[in-house]
Amino acid sequence: MMKKHLVFAVVPFLALGCGDDLKDENGDGIADGVREPDSVTVVTPANPKGTVSGQVLGTDLKPLGEASVKMTIGSSAEPVATTTDAEGNFEYTDVPAGSQVLLTFTKQGYATLRATATVPSSAGNVPINNGNASFGPITLAKLDGTLNFLLVTPTGRPAAGVKATLEATPAGSIILSNNENTSLVVSTVVVEATSNEQGALVFTGVPSAPEMARLRSGSGQYKLWVSPMDTDNNGIPETGGYVNSYAGSDVVANSTLRIINLPFSRPTGGALTVESSNVASLTSNSERLDPLRNVIRAGEPIHLFFNQPVQQGSLLARLTDEYARESLSVTATVSNGGYSATINPGATLVDGKEYNLDVRAVSAEGGSIFTSTGFFFVGDLNSPRTISITDARYQETSTASPSQLNSGETVYINFNSPISRAFTSAGHVYVHVNFDIGGASPGVVGDYPGEVNNPVGFELFNAEPTAPIQTRIPAETPVFQINSSGYTTRWAFTFSGVNSVSSVSFSSLNMVVSFSKLPSRYINGTYESFLGQPVTSELAVTGISQQPVPIAP
């Protein structure tokens, strides 16, 4: 018995040693000529093959016959095709083991589904033939459903011509198995549509809500993307976009038409404002009142940029000069989807003058109202004008002496460009007249405050107008209520003197504004133009005119 056992132990060893001479010409993984293979006679197949198979069903789990199944092996091979039988089954044989295959499942009226798998070439460490890549079960959703939405603009109008995309997931599924692991692959159906003139958005050729509810235990859902509305194709949307998901089970339970209120294109939740403008006084910028932020060149339009779009036709612009006496023609145009506006004066604006602008608009994003009154100057930063006095006039206060300048009456000095006092301490520039208005020596000019050559003169005050010069009772009202800029062409002093100036001296009365002779305690102060040019020289004007006493009509 011992010898017999030793003989059997040696035989396998000898057979294994001869394994290098074994061949497998037919590729079945077994040495040629062996009828009853054992572990010794199993060799690596020369051309291992495998199969790809599966079953195609509808979402109701009924077989789908005559479904097309196209298979591509690798990345460059031409696809081959077959169809499912009456039971929904298909099979590909003689598929090279180890190759990756792509299967595409289609059937008229059903969703398309694609999946990849690898044909097995071994079982553990043992090479095999006839490994199977199993696709199945495969379920395809029927594309006989319709989903409807109604799009509405933020202003309550139909949103026409809006493009949208609907994604239905899953529209089918596959359980993949390659004898090593199992995985789930799902498909998606994507459909595009454009809303009609009434804002109706209709998606056809999608899985019905009941099918979506059945797929994956009720987790099937529709996902909707609505693009921003850009009806004039200028790249600036009138509304924002919209994204939402709808579970198939919810659509089954509530099949009513879904109304979608599109959001504003740039919702801010705040009030309508002007974010930027070459007339900064219309904005809320912290430096908006700086005159250099409010200078435009003659002939240049005024630009406004809003933080949200304004409604077409809602922009109102009014223009007037420094005295707000008359309305100047102006044209306002809204552009860039309501985000900007251009205001063009109808008449040429005068260089060196100050103007006032009143702007009102209604937001397209909630209806908030913007209203702002600003000021601006016309000039060229590169060519500041020389400051001079244009004229002088006094305001007559008494009908008893209508032709003489009396103590207590106001004299206005008008400059050719708006100026301002650049220091904040008390005190003002002096004005002197070359007329004997008092003093111990009759006919002597200089011995009374306010006369030329006297160190003390009349203090000149800012008399910036906020309404037209009064010529009647009741007084004229401004075109609109204007705001002070701190710069003005109109300055004034209160005349005081023992002697009045009679009308016979009006044409020869000379007045000097002594900008270079500020009192010593204000020596570091200056006056300057709106372009920042200091005014430091004496400016004179000869002649004075009368502003009559306001009278009732």
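In what follows, the structure referred to is the one given above.
This text gives an overview of the structure that appears in the document. Quantities reported herein were computed from a predicted structural model and do not represent experimental measurements.

## Re the overall build of the protein chain
Point 1. In terms of helices and strands, the protein chain carries three helices and 38 strands.
Point 2. Expressed as a percentage of the 553 residues in the protein chain, the buried residues total 42%.
Point 3. In the protein chain, once contacts between residues fewer than 6 apart in sequence are set aside, the share between residues at least 24 apart is 67%.

## With respect to the packing of aromatic side chains
Point 1. Under the counting rule described, the total for this entry stands at 15 aromatic pairs.
Point 2. Look at Phe-377 and Phe-530: their rings are 4.8 Å apart centre to centre, the planes differ by 10 degrees, and that puts the pair in the stacked class. One end of the pair, Phe-377, is in strand β25 (residues 369–378); the other, Phe-530, is in the loop between β35 (527–529) and β36 (534–535), and 153 residues separate them in sequence. Each member of the pair, Phe-377 as well as Phe-530, carries the same accessibility label: buried.

## Thoughts on the pairing of strand β34 (residues 510–514)
Point 1. Of all five residues in β34, five are buried; the element is thus mostly enclosed.
Point 2. Burial along β34 is two-sided: the residues Asn-510, Val-512 and Ser-514 and Met-511 and Val-513 are all buried.
Point 3. Pairing geometry for strand β29 (residues 430–433) and β34, over three bridges, is antiparallel. Bridging from a neighbouring strand, His-432 pairs with Val-512 of β34.
Point 4. The sheet contact formed by β34 and strand β37 (residues 538–542) spans five bridges and is antiparallel. Note on β37: the bridge partner recorded for Val-512 is Ala-540.

## Notes on the nonpolar core
Point 1. The biggest cluster of nonpolar side chains holds 31 residues, and the ones touching the most others in it are Ile-413, Phe-415 and Met-511.
Point 2. Elements supplying a minimum of two residues to this core: β26 (389–395), β28 (410–421), β29, β32 (488–494), β34 and β37.
Point 3. A total of four residues in this core trace back to one element, the largest contributor, which is β28.
Point 4. Beyond its immediate chain neighbours, meaning those up to four positions away, Ile-413 contacts Ile-389, Asp-391, Ala-392, Leu-460, Thr-489, Arg-490, Trp-491, Phe-493, Met-511 and Val-513.
Point 5. Of all hydrophobic cores here, the second largest spans 28 residues; its members include Ala-141, Ala-164, Ala-168 and Ile-260.

## Describing the sheet that holds strand β13 (residues 200–206)
Point 1. Taken in spatial order, the three strands line up as β13-β10-β16 in an open sheet, and their pairing is mixed. Looking at the sheet topology across the chains shown, the edges are occupied by β13 and β16 (258–261). Across the sheet, the mean angle from the axis of one strand to that of its neighbour is 25 degrees, orientation sign disregarded.

## Let's talk about the side chain of Ser-195
Point 1. Mapped onto the elements of the fold, Ser-195 is located in the loop between β12 (182–194) and β13.
Point 2. Among the residues examined, Ser-195 registers a relative accessible area of 5% and is labelled buried.
Point 3. A polar contact is formed between the side chain of Ser-195 and the backbone oxygen of Ala-159, at a distance of 2.7 Å.
Point 4. The residues touching Ser-195, leaving out its near neighbours within four places in the chain, are Leu-151, Ala-159, Ala-160, Gly-161, Val-162, Ala-200 and Leu-201.

## Here's the deal with the sheet that holds strand β5 (residues 100–106)
Point 1. Across the sheet, which stays open at both edges, the four strands sit in the order β3-β2-β5-β6 with antiparallel pairing between neighbours. The open sheet terminates on both sides in strands that have one partner only, identified here as β3 (80–83) and β6 (113–118). Shown here is a sheet whose adjacent strand axes are inclined to one another by a mean of 25 degrees, direction ignored.
Point 2. Across six bridges, strand β2 (residues 68–73) lies against β5 in antiparallel orientation. Paired with Ser-68 across the strands is Thr-106, a residue of β5.

## Details of the pattern of salt bridges
Point 1. Counted under the stated rule, the structure contains six salt bridges.
Point 2. Asp-351 is the salt-bridge partner of Arg-385, the closest N and O atoms lying 3.2 Å from each other. Taken as a pair, Arg-385 in the loop between β25 and β26 and Asp-351 in the loop between β23 (340–345) and β24 (354–362) lie far apart in primary sequence, 34 residues in all.
Point 3. We classify Arg-385 as partly exposed; its relative accessible area is 32%.

Rules used throughout
Residues numbered from 1 in each chain as written. Predicted model: local features only at pLDDT ≥ 70, side-chain atom pairs only at ≥ 80, totals over all residues. Heavy atoms only, no water. Helix = DSSP H or I, 4+ residues; strand = E, 2+ residues; numbered from the N terminus. Buried < 20%, exposed > 50% of the residue type's maximum accessible area, 1.4 Å probe, protein only. Contact = heavy atoms within 4.5 Å. Phe/Tyr/Trp six-rings, centres within 6.5 Å; stacked < 30°, edge-to-face > 60°. Pairing = 2+ DSSP bridges. Core = buried A, V, L, I, M, F, W, Y, C linked by side-chain atoms within 4.5 Å. Axes fitted to C-alpha atoms, helices over the stretch in contact; angles between N-to-C directions. Polar contact = N/O pair within 3.5 Å; in protein donor to acceptor, adjacent residues only side chain to side chain. Salt bridge = Lys/Arg side-chain N within 4 Å of Asp/Glu carboxyl O.

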